[in-house]
Amino acid sequence: MPPLPEAPPLLEAKGLSAGYGETRVLHGIDFAVEQGGVTALLGANGAGKTTTLRAICGMLRRSGEIRLGGERIDTAATEDIVRRGVGHVPDGRGTFLELTVEENLRLGAYTRPTHKARADIQRMFDYFPRLAQRLRQQAGTLSGGEQQ
């Protein structure tokens, strides 16, 4: 029996370059995130970690090739990339303080079909049971760790 073909990487970049205005920050980087694997992006402040994530999500002008599950996404609009399940969650709390915990969770899942969003939110409650207890609580009243 012939060997099964390998699955493409979940996410792959080849020759990815990006920056801000005339300032180039990424200079043709290559990487792959394998299915089922764990990948870390490490570097000193200013090394380009955030720029890499923003480039993947289409939040800034970039060149090179970006593939998601083998399909090119480097020409896709940011909202289309998000609909495919790729998003950039910035460091810090990132909550809407005036909204409830439930409203924040729903907002984070607004591009997902309702049944999938409900399953995702339930999974978050499984990981963080305290969130389920605080569903109706204003997010701004949670501790810093709970907000994260």
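Here is a short report on the structure shown in this document.

Quick notes on the rules
- Every residue gets a number counted from 1 within its own chain, in the order that chain's sequence is written.
- Where local features are concerned, this predicted model is filtered to residues with pLDDT of at least 70; where side-chain atom pairs are given and counted, the filter is 80 or more; whole-chain, interface and lining totals use all residues.
- In computing side-chain values, all of the structure's heavy atoms are included and hydrogens and water are not.
- Think of it in three bands: residues with accessible area under 20% of the maximum for their type are buried, residues over 50% are exposed, and the middle band is partly exposed, with areas taken using a 1.4 Å probe on protein chains only.
- Helix and strand definitions here come from DSSP, where helices need a minimum of 4 consecutive H or I residues and strands a minimum of 2 consecutive E residues; each element is numbered from the N-terminal end.
- By arc we mean the arc of the directions from the helix axis to the C-beta atoms, nothing more.
- Every residue pair with non-hydrogen atoms within 4.5 Å of one another is taken to be in contact.
- The definition of a polar contact used here is a pair of N or O atoms within 3.5 Å, where within protein one atom must be able to donate a hydrogen and the other to accept one, and adjacent residues in sequence count solely through side-chain atom pairs.
- Patch construction takes residues with relative accessible area above 30% that form no salt bridge. Like charges are linked within 9 Å, and nonpolar side chains (Val, Leu, Ile, Met, Phe, Trp, Tyr) are linked within 5 Å.
- Using a 1.4 Å probe, the Shrake-Rupley method yields the accessible areas, and only the shown protein chains count as cover for residues.
- Salt bridge, as applied in this entry: a Lys or Arg side-chain nitrogen positioned within 4 Å of an Asp or Glu carboxyl oxygen.

1. Structural notes on helix α3 (residues 101-108)
So, step 1. Looking only at α3, the buried set comprises V101, E102, N104 and L105. Taken around the axis of α3, the buried residues stretch over an arc of 160°, which confines them to a single face.
So, step 2. As for α3, its buried residues are in contact with α4 (114-127) and α5 (129-133).

2. A short note on the environment of R72
So, step 1. You can see R72 is positioned in strand β4 (residues 71-72).
So, step 2. Since its relative accessible area comes to 44%, R72 is described here as partly exposed.
So, step 3. Sequence separation between R72 and L26 is 46 residues; the distance between their C-alpha atoms is 19 Å.
So, step 4. Setting aside residues no more than four positions away along its own chain, R72 makes contact with G64, E65, I66 and R67.
So, step 5. At 2.9 Å, the side chain of R72 and the side chain of D74 are in polar contact.

3. Examining a nonpolar patch on the surface
So, step 1. On the surface, F96, L107 and Y110 cluster together to form a nonpolar patch covering roughly 360 Å² of accessible area.
So, step 2. Within the element layout of this structure, Y110 appears in the loop between α3 and α4.
So, step 3. By relative accessible area, Y110 is classed as exposed at 64%.

4. Regarding the pattern of salt bridges
Charged atoms that come close allow side chains of opposite charge to pair.
So, step 1. Counted by the stated rule, this structure contains nine salt bridges.
So, step 2. Note that R123 is salt-bridged to D120, the shortest N-O span being 3.0 Å. Placement of both R123 and D120 in helix α4 is noted, with a separation of three residues, approximately one turn of the helix.
So, step 3. On the basis of relative accessibility, which here comes to 17%, the residue D120 falls in the buried class.
So, step 4. Connected through salt bridges with shared partners, the residues E65, R67, R72 and D74 form a single ionic network.

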